[in-house]
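# Analysis of the macromolecular model
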Amino acid sequence: MTVKLAVTGAAGRMGKMLIEAIAAAEGVTLTAAVVRPGSSLVGADAGELAGIGKNGVRLVGDLHEVVEDFDVLIDFTTPKATLENVTICADAHKKIVVGTTGFDEAQKSTLLAAQDATALCFSANYATGVNLVFKLLAEAAKTLGDDYDVEVYEAHHRHKVDAPSGTALRMGEVLAGALERDLNQVAVYGREGQTGARARDTIGFATVRGGDVVGDHTVMFMAEGERVEITHKASSRMAFARGAVRAAQWLQAKKTGMFDMQDVLGLR
Ligand code: NAD
């Protein structure tokens, strides 16, 4: 069976990459593509927009117009737009892969609430390698334990609007979980001035922004005499796009519930 996919934020960096990834994947087809309401791109061809040649999918400016035309929506937009799209999908019992990051706690609760009406996949990072790294981090933290200071470093391109990255925060949650700490209590987001000595159970985050960096993450476990570093570097957004398409195919078999890429890859 061919799974019919829609993409919102089709004109975005990830949106265009998703259109290309869907065209290259087996068992899926792009049947709808949505851009910002009022965009001058409405009516244009989605394939042309993505630079892969005409694919016959006309860009629309409102998800309502195409909600009956797809099985699963892939949404990499903004928190506000994603929540609107999740509501539309939940009402129509359409499944949704959420790639957007930067949700606050209230917005995350709204996302979670949709799982009674439809199936959602929500991951801060859809790259297979990063999801393997999440698993490695839990192992490392459990083995190294409280004797090692843990810090998370991330770098992204100059256009990224949220910090630390959703992936860095997810890494922090994985580390805190393995070390039996509450991330809200122990996270330190950047340091400046007379900070005093490092508190033992701190999990620190450092953020770098610039150029065209697709996404670098390094977790350091540091003790007297040695340091372990676990690093992932994304060199193309295609890694995220391919993972999101895989998640959409997997999600098609689910009726309701909230899942993530660890479920899709069988890493739990
Ligand atoms: P971008 O700014 O290039 O693209 C976002 C697009 O969404 C824009 O084209 C914008 O016009 C469009 N948009 C905004 N509101 C809309 C609406 N109501 N309807 C339709 N389109 C709308 O950003 P990007 O680099 O593509 O990233 C998008 C999001 O995905 C960010 O939150 C980013 O952090 C996240 N991201 C997640 C992963 C992951 O693996 N989970 C990977 C990369 C990026």
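Residues numbered from 1 in each chain as written. Predicted model: local features only at pLDDT ≥ 70, side-chain atom pairs only at ≥ 80, totals over all residues. Heavy atoms only, no water.

### Section: the nonpolar core
Ranked by internal contacts, the top residues of the largest apolar core, which has 67 residues, are Leu5, Leu18, Ile74, Val97, Leu137, Leu175 and Phe221. Two domains each donate at least three residues to this core, and these are domain 1 (3–122 + 237–265) and domain 2 (128–234). Leu5 has contacts with Ile22, Val28, Thr29, Leu30, Thr31, Ala32, Phe70, Val72, Ile74, Val245 and Ala248, leaving out every residue within four places of it along the chain. Residues Val66, Leu83, Val86 and Ile88 belong to the second largest nonpolar core, which totals 20 residues. (Core = buried A, V, L, I, M, F, W, Y, C linked by side-chain atoms within 4.5 Å. Buried < 20%, exposed > 50% of the residue type's maximum accessible area, 1.4 Å probe, protein only. Domains from an automatic or database assignment. Contact = heavy atoms within 4.5 Å.)

### What about the pattern of salt bridges?
Applying the stated criterion to the full structure yields 14 salt bridges. For Arg198, the salt bridge identified is with Glu151, shortest N-O distance 2.9 Å. Here Arg198 is found in the loop between strand E8 (187–189) and strand E9 (203–209), whereas its partner Glu151 is found in strand E7 (residues 149–156), with 47 residues between them in sequence. Among the residues examined, Arg198 registers a relative accessible area of 29% and is labelled partly exposed. Residue classification places Glu151 among the buried positions, given a relative accessible area of 12%. In this structure, the salt-bridge partner of Glu173 is Arg170, at a minimum N-O distance of 2.6 Å. Residue Glu173 and its partner Arg170 are located together in helix H6 (residues 166–178), separated by 3 residues, close to a single helical turn. Judged by relative accessible area, Glu173 falls into the partly exposed class, the value being 35%. We classify Arg170 as partly exposed; its relative accessible area is 30%. In this structure, a network of salt bridges that share partners links the residues Asp149, Glu151, Arg191, Arg198 and Arg200. (Salt bridge = Lys/Arg side-chain N within 4 Å of Asp/Glu carboxyl O. Helix = DSSP H or I, 4+ residues; strand = E, 2+ residues; numbered from the N terminus.)

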